[in-house]
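# Descriptive analysis of the structure
As a plain string of letters, each chain reads:
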Amino acid sequence: MRLKPLMVSTLLLTIYGLMFMAYYYRTGSEVYLAFSLFALALAYGTGKENRTAVKIALVFAGLEFLMALFYLMSGALLYAVDAAMSFFIIHDIMSYIGKVYREEKEETPEQL
């Protein structure tokens, strides 16, 4: 079974948005609401294969992965799920970028 491009990252960004929304309802902090809307907007943009949204999602997932690794090193083992989700988002986006690069390289003739 082959998935459409960026389907995994779209799904995981949507899950991030829903998790941040749950944190917002639990704590009442508007920061979680802002991150929830940001993650859902990124999920929509990656689903539509918008290049700007894909780049921003890659940076967001990279920072999220770095922070999850810091929490893992401090002993919070539940952040392993967060790190795994970020890793899969990064992997999906990087494979999409490689595929797009190969397609664009084939379309443009080499110039001497």
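Scroll up a little and you will see the structure.
Residues numbered from 1 in each chain as written. Predicted model: local features only at pLDDT ≥ 70, side-chain atom pairs only at ≥ 80, totals over all residues. Heavy atoms only, no water.

## A look at the overall build of the chain
When you go through the chain residue by residue, the secondary structure sums to 4 helices and 0 strands. Each helix and strand of the chain, ordered N terminal to C terminal, gives the series α-α-α-α. For the C-alpha atoms alone, the extent of the chain along its principal axes is close to 60 × 30 × 30 Å. Counting the 112 residues in the chain, one finds 28% classified as buried. Summarising the internal contacts of the chain: among those between residues at least 6 apart in sequence, 62% fall at separations of at least 24. Total accessible area on the chain is roughly 8,000 Å²; 67% of this is exposed by carbon and sulfur atoms. When the 9 positive and 10 negative side-chain charges of the chain are each reduced to one mean point, those points stand 3 Å apart. (Helix = DSSP H or I, 4+ residues; strand = E, 2+ residues; numbered from the N terminus. Buried < 20%, exposed > 50% of the residue type's maximum accessible area, 1.4 Å probe, protein only. Contact = heavy atoms within 4.5 Å. Areas by Shrake-Rupley, 256 points an atom, 1.4 Å probe, with all protein chains shown as cover. Lys, Arg positive; Asp, Glu negative; His and termini not counted. Charge placed at Lys NZ, Arg CZ, Asp CG, Glu CD.)

## Re the packing of helix α3 (residues 51–74) against helix α4 (residues 79–107)
Relative orientation of the contacting elements α3 and α4 amounts to 150°, with a least axis distance of 8 Å. One element, α3, and the other, α4, form an angle in the roughly antiparallel class. Seen along the crossing, α3 lies across α4 with a hand that is left-handed. Here the contact of α3 with α4 is built from residues that sort into 19 nonpolar, 2 polar and 4 charged. (Axes fitted to C-alpha atoms, helices over the stretch in contact; angles between N-to-C directions. Parallel < 35°, antiparallel > 145°, perpendicular 65-115°, else oblique. Left-handed = near helix turned anticlockwise from the far one by under 90°. Nonpolar A, V, L, I, M, F, W, Y, C, P; charged D, E, K, R; others polar.)

## Concerning the environment of Gly28
Residue placement: Gly28 occurs in the loop between α1 (7–27) and α2 (30–47). The class for Gly28 is partly exposed, based on a relative accessible area of 41%.

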